[in-house]
Amino acid sequence: AQKVTQAQTEISVVEKEDVTLDCVYETRDTTYYLFWYKQPPSGELVFLIRRNSFDEQNEISGRYSWNFQKSTSSFNFTITASQVVDSAVYFCALTLNQAGTALIFGKGTTLSVSS
Amino acid sequence: DGGITQSPKYLFRKEGQNVTLSCEQNLNHDAMYWYRQDPGQGLRLIYYSQIVNDFQKGDIAEGYSVSREKKESFPLTVTSAQKNPTAFYLCASKTSTMNYGYTFGSGTRLTVV
């Protein structure tokens, strides 16, 4: 069975601080995809990134960066110089590369950035 | 523009009444999914459907029912058997050719009083 764990329930930072959101996953399959989504107060899910299990290259997109380490089954997300607009719930998710499977989500981390 | 439409955004019902949440997509996606979100619980899978006239239970299917009579539509009925129906419900879809291309609706917030 697959599982995603986001151990940090809530994080509070002050603007311009860097913050890292942790994600640990479990699967016995060798081919899978990992995702991060942002959920602002309006409720819709905003797709941030997708990673397949064969691509461990870290990625940077503006103030966002992701660190994927298969050795520790982790896919951590760092926001550099956080801003108030980054305040949201962030979800890590996992799906297998096979038909008939669904996205499995972690419980989410609520990030609050104050000015 | 292609996408998923969930309506209404807010829904209120009296306890004991069944209620149906709408989910329509014009993306020509084969698979559709229903998730429930409670504070601190993440998104939990209720039901999913890979093709028309077929669907499978997810992790928390009790008290819910679905139908998939058309490819575009995957309505979710919250029955009176669901003990705590108040939640935020999200619908998603995915093409069968890519096992990672999920699209989400904007959600329906159901409140049962």
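So, here's what we can say about the structure. (Residues numbered from 1 in each chain as written. Chains lettered and ligands numbered in written order. Predicted model: local features only at pLDDT ≥ 70, side-chain atom pairs only at ≥ 80, totals over all residues. Heavy atoms only, no water.)

1. Observations concerning the state of the cysteines
Residue and element names in this part refer to chain B.
In step 1: The full count for this structure, using the stated rule, is two disulfides over all chains.
In step 2: At a sulfur-sulfur separation of 1.8 Å, the disulfide partner of C23 is C91. Handedness here is read from the sign of the S-S torsion; for C23 and C91, about -75°, the answer is left-handed. In this pair, C23 is assigned in strand 3 (residues 19-25) and C91 in strand 9 (residues 87-94), connecting sequence segments 68 residues apart.
In step 3: Residue C91 is classed as buried on the basis of its relative accessible area, which comes to 0%. (Disulfide = S-S within 2.5 Å. Helix = DSSP H or I, 4+ residues; strand = E, 2+ residues; numbered from the N terminus. Buried < 20%, exposed > 50% of the residue type's maximum accessible area, 1.4 Å probe, protein only.)

2. Concerning the pattern of salt bridges
In step 1: For the coordinates displayed, the defined rule picks out six salt bridges over all chains.
In step 2: R51(A) is the partner of D55(A) in a salt bridge, and the nearest nitrogen-oxygen pair spans 3.4 Å.
In step 3: On the basis of relative accessible area, D55(A) is assigned to the partly exposed category, the value being 24%.
In step 4: Classification of R51(A) by relative accessible area gives buried; the value is 7%.
In step 5: Between D38(B) and R44(B) there is a salt bridge whose closest N-O contact spans 2.8 Å.
In step 6: Take R44(B): its relative accessible area is 28%, and that puts it in the partly exposed class.
In step 7: Connected through shared salt-bridge partners, R51(A), D55(A) and E59(A) make up one network. (Salt bridge = Lys/Arg side-chain N within 4 Å of Asp/Glu carboxyl O.)

Interpretation in functional terms is not warranted from these geometric data alone.
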